[in-house]
Amino acid sequence: MDKILIDSLSLQYADGTESLRNVSLAIPEKAITVLFGPAGGGKSTLLRCLNRLNDLTEVRASSGKVLIDGENVLDPKTDVIALRRKVGMVFARPVVLPMSIRGNLTYGLELAGETRRSRLDEAVERSLRLAAIWDEVKDRLDEPAIALSGGQQQRVCLARVLALQPEIVLLDEPTSGLDPISTGKVEAALQELKKDYTIILVPHSVQQAGRTADHAAFFLQGELVEFQPGHGIFTNPRDKRTEDYVTGRFG
Amino acid sequence: MNHSSSTRNLIQRIGFGALSVLAFVTVAPIIGTALYILWHGGSAISWEFLSGFPRDGMRAGGILPAIVGTFYLTVGTAIFSVPLGIAAAIYLSEYAPDNRWTRLIRIAIINLAGIPSVVYGLFGLGLFVIFLKFGTSILAASLTLSIMTLPVIISTSEEALRSVPQAFRTVSISVGATRWQTIRRIVLKEALPGILTGVILGLERAAGETAPILFTGAAFFLPQLPNSHSTRPWPCLITFLSSRRKYPTCRFKFNMAPRWCCWFLCWE
Ligand SMILES: Nc1ncnc2c1ncn2[C@@H]1O[C@H](COP(=O)(O)OP(=O)(O)OP(=O)(O)O)[C@@H](O)[C@H]1O
Ligand SMILES: [Mg+2]
């Protein structure tokens, strides 16, 4: 089953940069789909279309559709608040909000109107366990989140997204600033998460793409060069440019 | 290696020494003045002085009306200028698009902060006292001081709001917060110390100004507590100012100094 259908999506930023050019892509549910490619390929731009975070930046022109569960989320009538609860996002740099660890996790739920302490506590524990950080922070939930290490902060950020019980999780180079051990923990958490969530990951290296991908798409300068379900893109790339990139001969 | 590190050490020490001397030069006169005045005239501050009314063309008696008047004025100014100033800062920093029009508004605000207070005083006299017929009153003076304080509060608060990292806003929005929820729960909380600095700076300026009050609310310097309107607000003040100019030294005795200081704290 495809969770997300991207249909001839194009996007041009206010300064004229064509960041996405006629991208069409079907993203299967409950799997990790990896979007990879060199810098400036439009991967982050594509992710920000899925939860309408591009609303915050100046976009000159965009066209095409993004269907999530059959509904075009680019439609101006879309309830973006509900959309963002359903489509969570983890950013490259871990950004914890200036409050306690618990506060970070309950922030979104409280905004959604949840006030019952038991429900909040339950969500805190569940999401911290899913993000593989419960054991490290369970005794210090009321301390400021900023006191955690970068790797821990990033998993708190992942937990903050999971606390809202989204259906789709977008991760934009979530491990680019982390050491190999923290990276391993995040990747292991993702492997668990994909049983219940649709995950789209922009990896920080081709190696990570290969390690984590169930399906992979290769982006180059705003174009989707190649998409293959499964690992085919790494073992048997059809496009010359993809082959050059995955074998490290790109340039 | 060894040589260069010891040279660096020396430069470091010279720099540190120079800074210490400069800091001392700046602070010493202030502490010295305060101690000198306290030493020679500390005995002149009394309960009667703080709680009494001025007598003798303001050359004797107490300063209660000035204290109470300053209090009313500051509170009045805060009521008008703080909510409006913070709201304007929020609009400018969080909602207003960055175009020629908003840039013009920002420049105007910064320039307004630098206008001499006497100009605000005359403006308040024209608008509030005469045109809107508020008379010389706490209301007119508070409004005038509010207008004078607003630019300071707006520009400092806007600066404080802008210094809150953009990433906090993005993250908050991405977990389903509205813009206003983000501002209220994250941005304002983070910017609060900076905003308070702006509010204090602004109100300090308001509490210490003479010129605008001179035109719009000098009633407080009557030898009575401010109630409604005053019959002769100006003469007292002007007598006071001119008497000080005419006999600067012969009237200035050391045991009067703390009183003068208090006058100034309340007046300037
Ligand atoms: N807010 C913006 N305003 C203008 N141009 C932008 C903006 N964000 C991205 N771009 C441009 O859009 C293009 C695609 O950027 P994007 O961030 O989507 O690439 P990316 O594939 O995520 O790259 P990276 O691997 O470096 O993160 C780039 O040329 C970039 O300069
Ligand atoms: Mg990117």
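Residues numbered from 1 in each chain as written. Chains lettered and ligands numbered in written order. Predicted model: local features only at pLDDT ≥ 70, side-chain atom pairs only at ≥ 80, totals over all residues. Heavy atoms only, no water.

**Quick look at the overall build of chain B**
And then number 1: Helix and strand counts for chain B stand at 11 helices and 2 strands.
And then number 2: For chain B, the N- to C-terminal ordering of α and β elements is α-α-β-β-α-α-α-α-α-α-α-α-α.
And then number 3: Here chain B holds 268 residues, and 40% of them are scored as buried.
And then number 4: By sequence separation, contacts in chain B at least 24 residues apart represent 73% of the contacts at least 6 residues apart. (Helix = DSSP H or I, 4+ residues; strand = E, 2+ residues; numbered from the N terminus. Buried < 20%, exposed > 50% of the residue type's maximum accessible area, 1.4 Å probe, protein only. Contact = heavy atoms within 4.5 Å.)

**Here we look at unusual backbone geometry**
Residue and element names in this part refer to chain A.
And then number 1: Phi is positive for S8, close to 35 degrees, though the residue is something other than glycine.
And then number 2: Take S8: it is sitting in strand β1 (residues 2-13).
And then number 3: Since its relative accessible area comes to 28%, S8 is described here as partly exposed.
And then number 4: Even without a glycine there, the phi angle at A132 is positive, about 55 degrees.
And then number 5: The class for A132 is partly exposed, based on a relative accessible area of 36%.

**Thoughts on the site of ligand 1**
All names here are of chain A.
And then number 1: Not every one of the 14 residues close to ligand 1 is listed here, only the nearest: S19, G40, K43, S44 and T45.
And then number 2: Within the backbone of G42, a nitrogen or oxygen atom sits 2.9 Å from an oxygen atom of ligand 1.
And then number 3: Between ligand 1 and K43, the relevant distance is 2.8 Å, taken from an oxygen atom to a side-chain nitrogen or oxygen of the residue.
And then number 4: Within the complex, 67% of the 630 Å² of free accessible area of ligand 1 lies under protein.
And then number 5: It is helix α1 (residues 43-50) that contributes the most residues to the shell around ligand 1, 4 residues altogether.
And then number 6: When grouped by side-chain class, the residues that make up the shell around ligand 1 number 2 nonpolar, 8 polar and 4 charged. (Near = heavy atom within 4 Å. Polar contact = N/O pair within 3.5 Å; in protein donor to acceptor, adjacent residues only side chain to side chain. Areas by Shrake-Rupley, 256 points an atom, 1.4 Å probe, with all protein chains shown as cover. Nonpolar A, V, L, I, M, F, W, Y, C, P; charged D, E, K, R; others polar.)

**Structural notes on the sheet that holds strand β10 (residues 223-229) of chain A**
Residue and element names in this part refer to chain A.
And then number 1: Ordered by their spatial adjacency, 6 strands build an open sheet running β6-β7-β8-β3-β9-β10, and the pairing between neighbours is mixed. One side of each edge strand has no neighbouring strand; the edge strands of this open sheet are β6 (87-90) and β10. Across the sheet, the axes of successive neighbouring strands diverge by a mean angle of 15 degrees, strand direction being ignored.
And then number 2: Each of β6 and β7 (168-172) touches helix α6 (residues 150-162); the most contacted strand, β6, lies at about 175 degrees to it.
And then number 3: Strand contacts of helix α7 (residues 180-193): β3 (32-36), β7 and β8 (198-202), with the helix running at about 150 degrees to β8, the strand carrying the most contacts. (Pairing = 2+ DSSP bridges. Axes fitted to C-alpha atoms, helices over the stretch in contact; angles between N-to-C directions.)

**Re the interface of chain A and chain B**
And then number 1: Listed per partner, the contact involves 18 residues of chain A and 17 residues of chain B.
And then number 2: Summing both partners gives a buried area of about 1700 Å² for chain A against chain B, and 70% of it is carried by carbon and sulfur.
And then number 3: Among the residues of chain A in contact with chain B, P98(A), Y107(A) and L111(A) are the three that bury the most area, contributing 34% of the side total.
And then number 4: There are 1 salt bridge connecting chain A and chain B.
And then number 5: The salt bridge partner of R185(B) is E110(A), with a shortest N-O separation of 3.0 Å.
And then number 6: Remark: the boundary between chain A and chain B carries 4 residue pairs in polar contact (both at pLDDT 80 or more).
And then number 7: Looking at the side of chain A that touches chain B, the elements with two or more residues in it are α2 (80-86) and α3 (101-111) of chain A.
And then number 8: Here the side of chain A that touches chain B takes 4 residues from α3(A), the largest share from any one element.
And then number 9: By residue class, the composition of the side of chain A that touches chain B is 12 nonpolar, 1 polar and 5 charged. (Buried area = accessible area lost by both parts, 1.4 Å probe. Salt bridge = Lys/Arg side-chain N within 4 Å of Asp/Glu carboxyl O.)

**Quick word on the pattern of salt bridges**
Residue and element names in this part refer to chain A.
And then number 1: A complete count under the given rule lists 26 salt bridges over all chains for this structure.
And then number 2: Ionic pairing is found between D69 and K3, a salt bridge with its closest N-O pair at 3.1 Å. Residue D69 is found in the loop between β4 (59-68) and β5 (71-72), and its partner K3 is found in strand β1; the two are separated by 66 residues along the sequence.
And then number 3: In this structure D69 comes out as partly exposed when scored by relative accessible area, which is 39%.
And then number 4: Shared partners join several salt bridges into a network, and the residues in it are K3, D69, K86 and E167.

**Structural notes on helix α3 (residues 64-95) of chain B**
And then number 1: Helix length check: α3(B), at 32 residues, gives a terminal C-alpha distance of 45 Å against a target of 46 Å (1.5 Å per residue), a fit within 8%.
And then number 2: Taking the largest bend as the criterion, α3(B) deviates by roughly 30 degrees, centred on A78(B). (Expected span 1.5 Å × (residues − 1). Bend = angle between axes of the 7 residues up to and from the residue.)

**Describing the nonpolar core**
All names here are of chain A.
And then number 1: The biggest cluster of nonpolar side chains holds 58 residues, and the ones touching the most others in it are I4, I6 and L35.
And then number 2: For I6, the residues in contact, after removing those within four places along its chain, are V23, S24, L25, I27, L46, L50, K65 and V66.
And then number 3: Residues V34, L128, L193 and I199 belong to the second largest nonpolar core, which totals 42 residues. (Core = buried A, V, L, I, M, F, W, Y, C linked by side-chain atoms within 4.5 Å.)

**A word on the pairing of β1(A)**
Residue and element names in this part refer to chain A.
And then number 1: When β1 meets strand β2 (residues 18-28), the two strands line up antiparallel, connected through 7 bridges. Paired with D2 across the strands is P28, a residue of β2.
And then number 2: Between the end of β1 and the start of β2, which pair antiparallel, lie 4 residues, with G16 showing a positive phi angle near 100 degrees.
And then number 3: Relative to β4, β1 runs antiparallel, the two sharing 8 bridges. Across the sheet, L5 pairs through a bridge with L67, a residue of β4.

**Brief notes about the sheet that holds β5(A)**
Residues and elements named next belong to chain A.
And then number 1: Taken in spatial order, the 4 strands of this open sheet run β2-β1-β4-β5, and their pairing is antiparallel. Whereas interior strands pair on both sides, the edge strands pair on one side only; in this sheet they are β2 and β5.
And then number 2: Of the strands in this sheet, β1, β2 and β4 are in contact with α1, which crosses β1 at around 120 degrees.

**A closer look at helix α8 (residues 179-207) of chain B**
And then number 1: Spanning 29 residues, α8(B) covers only 35 Å between terminal C-alpha atoms, well under the ideal 42 Å at 1.5 Å per step.
And then number 2: The axis of α8(B) is deflected most strongly, by about 55 degrees, at L192(B), and proline P193(B) appears within four residues downstream.
And then number 3: Among the residues making up α8(B), those that are buried are Q181(B), T182(B), I183(B), I186(B), V187(B), A191(B), I195(B), G198(B), V199(B), G202(B), L203(B) and A206(B).
And then number 4: At its buried positions, α8(B) is contacted by α3 of chain A together with α3, α6 (138-162) and α7 (166-174) of chain B.

**Here's the deal with a nonpolar patch on the surface**
All names here are of chain B.
And then number 1: Where nonpolar side chains cluster on the molecular surface, the patch consists of F71, Y72, V75, I79, F80 and L139 and spans about 550 Å² of accessible area.
And then number 2: A per-element tally of the nonpolar patch places α3 first, with 5 residues.
And then number 3: With respect to the helices and strands, the residue F71 is situated in helix α3.
And then number 4: Owing to a relative accessible area of 52%, F71 belongs among the exposed residues under this scheme. (Patch = residues over 30% accessible without salt bridge, like charges linked within 9 Å, V, L, I, M, F, W, Y side chains within 5 Å.)

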